[in-house]
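Reading the structure
Now for the letters of each chain:
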Amino acid sequence: QVQLEESGGDSVQAGGSVRLSCALSGSSGYIYSWYCMGWARQAAGNQREWVAAIDADGKTSYVDSVEGRFTISRDNAKKILYLEMHSLNPDDTAMYYCTAYTGGRRTAVIDGGRCARNSDWGQGTQVTVSS
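For the structure given in this document, a descriptive report is provided here. Note that the structure is predicted; figures quoted are calculated from it, not measured.

Cut-offs applied
- Residues numbered from 1 in each chain as written.
- Predicted model: local features only at pLDDT ≥ 70, side-chain atom pairs only at ≥ 80, totals over all residues.
- Heavy atoms only, no water.
- Helix = DSSP H or I, 4+ residues; strand = E, 2+ residues; numbered from the N terminus.
- Rg over C-alpha atoms; globule rule 2.2 N^0.38 Å.
- Areas by Shrake-Rupley, 256 points an atom, 1.4 Å probe, with all protein chains shown as cover.
- Lys, Arg positive; Asp, Glu negative; His and termini not counted.
- Charge placed at Lys NZ, Arg CZ, Asp CG, Glu CD.
- Core = buried A, V, L, I, M, F, W, Y, C linked by side-chain atoms within 4.5 Å.
- Buried < 20%, exposed > 50% of the residue type's maximum accessible area, 1.4 Å probe, protein only.
- Polar contact = N/O pair within 3.5 Å; in protein donor to acceptor, adjacent residues only side chain to side chain.
- Contact = heavy atoms within 4.5 Å.

Across its full length, the chain holds zero helices and 13 strands. Starting at the N terminus and ending at the C terminus, the chain contains elements arranged as β-β-β-β-β-β-β-β-β-β-β-β-β. The C-alpha atoms of the chain give 14 Å as radius of gyration, which agrees with the globular expectation for 131 residues (14 Å, within 12%). When its C-alpha atoms are laid out on the principal axes, the chain stretches across 45 × 25 × 25 Å. A total of about 6,600 Å² of accessible surface is found on the chain, and carbon and sulfur atoms cover 43% of it. For the chain, the separation between the mean place of its 12 positive charges and that of its 14 negative charges on side chains is 8 Å.

Counting residues in hydrophobic clusters, the biggest one holds 30 residues, and the most contacted among them are Trp-39, Phe-70, Leu-83, Met-85 and Tyr-96. When residues of this core are traced back to their parent elements, those giving at least two are strand E1 (2-7), strand E3 (18-26), strand E4 (36-42), strand E5 (49-54), strand E7 (70-75), strand E8 (80-85), strand E9 (94-101) and strand E13 (125-130).

Turning our eyes to something else, we now look at the side chain of Thr-107. Of note, Thr-107 is situated in the loop between E9 and strand E10 (109-110). Within the structure, the side chain of Thr-107 is placed 2.8 Å from the backbone oxygen of Arg-105, a separation counted as a polar contact. Here Arg-117 takes part through its side chain, which lies 3.1 Å from a polar atom of the side chain of Thr-107. Apart from the residues within four sequence positions on either side, Thr-107 is in contact with Cys-36, Asp-55, Tyr-101, Cys-115, Ala-116 and Arg-117.

As structure tokens, this is what we get:
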């Protein structure tokens, strides 16, 4: 099984930046570079929403509210997924979860910041932005 562990969550002031990391370990039996991976977040009182995703071809997708401010990237050699977040505002306060589809089917990103399939999730890392 694949395990995903997020790190990098922090408490920052509005306008600040945070970089989140998601380290993958274990194996699903399929090639890591084929995984579609992404980030979702859930703020208190809100439903979970997808934020950003990146597929095996390096194509990315973002939810409208973060486009231009967040950048998702992956290091296949290190098996780490990143989310660079800039110009943060209090609306970005949430628990951020790393996700991946590890089932072996090549999966593309979908407009709006998510992969077409998801199978694995991390435990989350908290980002808090104060005004």
